[in-house]
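Remarks on the overall topology
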Amino acid sequence: MDKPPGPTSHDVVDRVRRALGTRRAGHTGTLDPFASGVLPVCVGKATRLARFLAGGDKVYEGTIRLGFATTTDDLRGEAIGPARSVDVDRGAIERACRALTGVLRQVPPAYSARRVGGRRLYELARQGVEVERESAEVTVRSFEVLAVAGERVDVAVTCSPGTYVRALARDLGEALGVGGHLIALRRTRSGDFALAGAVDGADPSPAWAEGLLPLAALLPGMPGVRVGAEGVAALRHGRDLPRRLVASGFPFEPHDRFRVLDEAGNLLALAVPQGFGPAAPGLEVEPVLHPEIVLVD
């Protein structure tokens, strides 16, 4: 989906459920209500793959306003202190952005879905409860300045899942000594999903059903094996796949997991390799692919 500004990610999923007449739907990574852009929504059996589809880098375009920070690190919050004069040249902003790239320890926003003691940070913040927010490791691959106009800075960010762009806006403002917060955000890519393949999420339309991707189109970076009828029957019963049941692609070396496809290319399962390491002395272990998630009926 190309989520419009305004609705929550959960709102968009509810719209998909109603439009497609299904109860099984879920998104792969939250976008804040004021943000727009790529929001992958899993439907039916694809919901079982959501945790794998949520991986991969995210790409954003956004606008940061310098001059003051806010309680939410974005335009929805209250200003923290009076606005300060912004007299910072583009070179200083670019140097500060470069310093915020690489592997970082990022403190999440006070209003975020991270949990402390089993409770969401935003729940605690709304009740006025202040807690220590533990930093988390994130990777910012690039943090580029696209344009500077007064106190507004347009940026492009490529980062790992779990990175808060509004926290980058906050940290940029702190690094420049003037404060800052995020006022606009658009996600242009989430893992394998890009805006070019997204459907307009503002209003339900026939394009929503037409835009559904088949399971076989998912996780293209994961290696695949193919099975025949006997392999399909084994999967239906949750049985392991030894080499003799794999028509093609059985690995010589293990990988984290494999897609299992039938001869027509339909995705049947995700499987993890077992028995590929050295066996105990005197014990022979046959390498197999163990079905982790079975999608075939």
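Above this note sits the structure.
Below you will find a few notes about this structure. (Residues numbered from 1 in each chain as written. Predicted model: local features only at pLDDT ≥ 70, side-chain atom pairs only at ≥ 80, totals over all residues. Heavy atoms only, no water.)

1. Some points on the sheet that holds strand β16 (residues 241–242)
One key point about sheets: their strands pair by backbone hydrogen bonds, in either a parallel or an antiparallel sense. Put simply, the test is: Strand pairing is defined by DSSP finding a minimum of two bridges between the two strands. Only DSSP runs of H or I reaching four residues or more are called helices, and only runs of E reaching two or more are called strands; each is numbered from the N terminus.
Read across the open sheet, the six strands follow the order β16-β20-β19-β18-β15-β17; overall the sheet is mixed. Pairing within the sheet leaves two strands with one partner each, and these edge strands are β16 and β17 (246–248). Pairing between β16 and strand β20 (residues 288–294): two bridges, direction antiparallel. Bridging from a neighbouring strand, Leu241 pairs with Leu289 of β20.

2. So, the packing of helix α3 (residues 90–99) against helix α5 (residues 165–176)
The following threshold applies: Orientation is described by axes fitted as lines to C-alpha atoms, over the contacting stretch for helices, and by angles from 0 to 180 degrees between their N-to-C directions. For classification purposes, an angle smaller than 35 degrees is called roughly parallel, one larger than 145 roughly antiparallel, one from 65 to 115 roughly perpendicular, and anything else oblique. Crossing handedness: left-handed means the near helix sits turned counterclockwise from the far one by under a right angle, and right-handed means the same turn made clockwise. Throughout, a residue-residue contact means that at least one pair of heavy atoms, one from each residue, lies within 4.5 Å. Asp, Glu, Lys and Arg are counted as charged, while Ala, Val, Leu, Ile, Met, Phe, Trp, Tyr, Cys and Pro are counted as nonpolar; the rest, among them Gly, fall into the polar class.
Taken N-terminus to C-terminus, the directions of α3 and α5 make an angle of 125 degrees; their axes are 10 Å apart at the nearest point. With respect to α5, the element α3 is oriented oblique. Here α3 runs over α5; the crossing is right-handed. In this structure, α3 uses Ala92, Ile93, Ala96 and Cys97 to contact α5, whose residues at the interface are Leu172, Ala175 and Leu176. For the contact of α3 with α5, the class distribution of residues is seven nonpolar, no polar and no charged.

3. Quick notes on the side chain of Arg187
The cut-off we apply is this: Throughout, exposure labels follow a simple rule: accessible area from a 1.4 Å probe, protein chains only, divided by the maximum for the residue type, with under 20% read as buried, over 50% as exposed, and the rest as partly exposed. Under the convention used here, Asp and Glu are negative, Lys and Arg are positive, and both His and the chain ends fall outside the count. Every case where a carboxyl oxygen of Asp or Glu lies within 4 Å of a side-chain nitrogen of Lys or Arg is listed as a salt bridge. Definition of a polar contact: a pair of N or O atoms within 3.5 Å, with one able to donate and the other able to accept a hydrogen when the atoms are protein atoms, and with sequence-neighbouring residues admitted only if both atoms are side-chain atoms.
Of note, Arg187 is situated in strand β13 (residues 180–190). Buried and without a salt bridge, Arg187 has Asp32 as its closest oppositely charged side chain, separated by 9.2 Å. Among the polar contacts made by the side chain of Arg187, one reaches the side chain of Tyr60 at a distance of 3.3 Å. Those residues in contact with Arg187 that lie beyond four places of it in its chain are Gly29, Thr30, Leu31, Ser36, Gly37, Val38, Leu39, Pro40, Lys58, Val59, Tyr60 and Leu195.

4. Quick word on the layout of surface pockets
Where we set the bar: Only protein atoms enter the 1 Å grid, on which a cavity is a set of points fitting a 1.4 Å probe that cannot get out and a pocket is an open set with protein on both sides within 12 Å along at least 5 of 7 lines, lining residues being those with an atom within 4 Å of a point. Grid points are joined across faces, edges and corners, and a volume is the space filled by probe spheres set on the points.
Empty space within the second largest pocket amounts to approximately 520 Å³. Lining the second largest pocket are 23 residues, with Val41, Phe193, Gly211, Leu212 and Leu213 sitting closest to its centre. Breaking the lining of the second largest pocket down by element, the ones donating at least two residues are α1 (9–20), β4 (41–43) and β14 (193–194). Looking at the lining of the second largest pocket element by element, the count peaks at three residues for β4.

5. Quick notes on unusual backbone geometry
Even without glycine at this site, Asp73 takes up a positive phi of about 70 degrees. Tracing the sequence through the fold places Asp73 in the loop between β6 (69–70) and β7 (79–80). The phi dihedral of Leu219 is positive, around 55 degrees, even though this residue is not glycine. Inspection of the secondary structure assignment puts Leu219 in the loop between α6 (206–210) and β15 (224–227).

6. Description of the pattern of salt bridges
Taken as a whole and judged by the stated rule, the model has 15 salt bridges. Of the charged contacts in the structure, one is a salt bridge between Asp14 and Arg17, with a shortest N-O distance of 2.7 Å. Placement of both Asp14 and Arg17 in helix α1 is noted, with a separation of three residues, approximately one turn of the helix. For Asp14, a relative accessible area of 22% translates into the label partly exposed. A residue is classified by how much of its surface remains accessible, and Arg17, at 23% relative accessible area, is partly exposed. Where Asp57 meets Arg141, a salt bridge forms, and the shortest distance between an N and an O atom there is 2.5 Å. Here Asp57 is found in the loop between α2 (50–53) and β5 (58–66), whereas its partner Arg141 is found in strand β11 (residues 136–149), with 84 residues between them in sequence.

7. Some remarks on the side chain of Arg259
One can find Arg259 in strand β18 (residues 258–261). Reaching out from Arg259, the side chain makes a polar contact with the backbone oxygen of Ala216 at a distance of 3.3 Å. Here Met222 takes part through its backbone oxygen, which lies 3.3 Å from a polar atom of the side chain of Arg259.

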